[in-house]
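# Coordinates in review
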Amino acid sequence: MIEGIVLAIGAGLMLGLYALPEKFTKDFKFENTWGLFFMLTMFLVPIVASVTLINDFGAVFAAVPSDVLLKMAGASFLWGIGVMMWGKAINHIGLSLGFSLFIGTVILVGSVLPFLVDGVPEGNTFYTILGGIFVVLIGVLFNGKAGLTREADERKADTKDGKGSMVTGILIAVVGGLLATGFSYANAIGRPVIHEACQAAGNPEWVTAVGVMFPIFISGGIVMAAYFAQQLTAKKAWADFKSPSFGKNFTLILVMAIFHYAASALFAFAAFKLGDIGNTVGYAIFNTSCVATAIVSGIVTKEWINASSKAKNYLYISLACMIFGIVIIAVGNGIA
């Protein structure tokens, strides 16, 4: 159990930090940065990783029933829409609040979805895990309050830095979070079958995580590729890729892509290590760790420099609740 919890926290740390390099790109519009990111993280990285790391790649996926792949594809398509909306929300409300609301919604809904596939655990385990998720919800609410208070502070100081509407950003983040829970369902429904196929081909246990990510990322990437191709054309942003900063930007965005993919694959392995209810427990720990990391990174990068002590106090309460929620969820897994 301890190994699974550590892996889930590590995956959350990686996901919480992956977007930081975006702050250092130059001469790229939003569409250039995130369009290139999604092409790399959804197609290039998972294809290279899967073909390189999965022994007998073709035979593994030939052994997976088509209905399972279709269910994974449909859920992953919704996840792709959700993640795309999340990237837009960050532009409106900043990194820490965007992460918090989006992934807070993902935690609350996505942690419960695997029960539909894996079944509901016994009373004490179930109620303890729900209690932990409820504490995380309190943290998410305080984080939303922190963001709204910060917006009021920045409006007074006239230092909003061109961000969009806070209310719009919150709505985009929450709706995106609901759709993004498709990732949790796709992982829960596909992992057992893909694990069996990977084992039959002589792969180590950890390779299953790479196998599960392949259909999820490819399916989710389709909607993102279509959206950003349209946006790049509409905004006449294709020419911005010719920037003198392209080499530096490409490197930074590739690092983002690798971290994003690796975090998701590491979560899948952590869920396996956590046992029968690992999809729920791992998902909650993974995403809550990500939020906590994003909050800290937002503070370090001075996102909250103009916020009042009241806004910061809300933020700290939020962080404390999320960490305490992780502990409760871990205890629930221990009871199981």
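Glancing now at empty space enclosed by the protein. Considering all chains together, one arrives at 1 cavity of 30 Å³ or more under this definition. By volume, the largest cavity is sized at about 160 Å³. Along the wall of the largest cavity there are 14 residues; nearest its centre are Leu-15, Trp-79, Val-83, Phe-102 and Asn-287. Broken down by secondary-structure element, the contributors of at least two residues to the lining of the largest cavity are helix 4 (66-93), helix 5 (95-110), helix 11 (246-273) and helix 12 (278-300).

All right, on to the packing of aromatic side chains then. Applying the stated rule across the entire model yields 21 aromatic pairs. Aromatic pair Tyr-18 and Phe-37: ring centres 5.3 Å apart, planes at 20°, arrangement stacked. You can see Tyr-18 sitting in the loop between helix 1 (2-17) and helix 2 (30-53) and its partner Phe-37 sitting in helix 2, a full 19 residues away along the chain. Relative accessible area serves as the criterion here: at 0%, Phe-37 is assigned to the buried category.

Moving on to the environment of Asn-203. For Asn-203, the position within the fold is in the loop between helix 9 (182-200) and helix 10 (207-234). Residue classification places Asn-203 among the buried residues on the basis of a relative accessible area of 5%. Along the backbone, Asn-203 and Asn-287 are 84 residues apart, and their C-alpha atoms lie at a distance of 28 Å. Not counting residues up to four positions away in its chain, the partners in contact with Asn-203 are Leu-53, Ile-54, Asn-55, Val-60 and Cys-198.

Note on soluble globular proteins: their nonpolar side chains tend to be buried together. Membership of the largest hydrophobic core comes to 99 residues, with the highest contact counts inside it found for Trp-34, Met-213 and Ile-216. Broken down by element, the residue count for this core peaks at 12 residues, all from helix 10. Beyond its immediate chain neighbours, meaning those up to four positions away, Ile-216 contacts Met-72, Ser-76, Trp-79, Phe-183, Ala-186 and Asn-187.

Rules behind the numbers
- Residues numbered from 1 in each chain as written.
- Predicted model: local features only at pLDDT ≥ 70, side-chain atom pairs only at ≥ 80, totals over all residues.
- Heavy atoms only, no water.
- 1 Å grid on protein atoms, 1.4 Å probe; cavity = no way out; pocket = protein on both sides within 12 Å on 5 of 7 lines; lining within 4 Å.
- Points joined across faces, edges and corners; volume = space filled by probe spheres on them.
- Helix = DSSP H or I, 4+ residues; strand = E, 2+ residues; numbered from the N terminus.
- Phe/Tyr/Trp six-rings, centres within 6.5 Å; stacked < 30°, edge-to-face > 60°.
- Buried < 20%, exposed > 50% of the residue type's maximum accessible area, 1.4 Å probe, protein only.
- Contact = heavy atoms within 4.5 Å.
- Core = buried A, V, L, I, M, F, W, Y, C linked by side-chain atoms within 4.5 Å.

So far we have only geometry, and geometry alone does not tell us how the molecule works.
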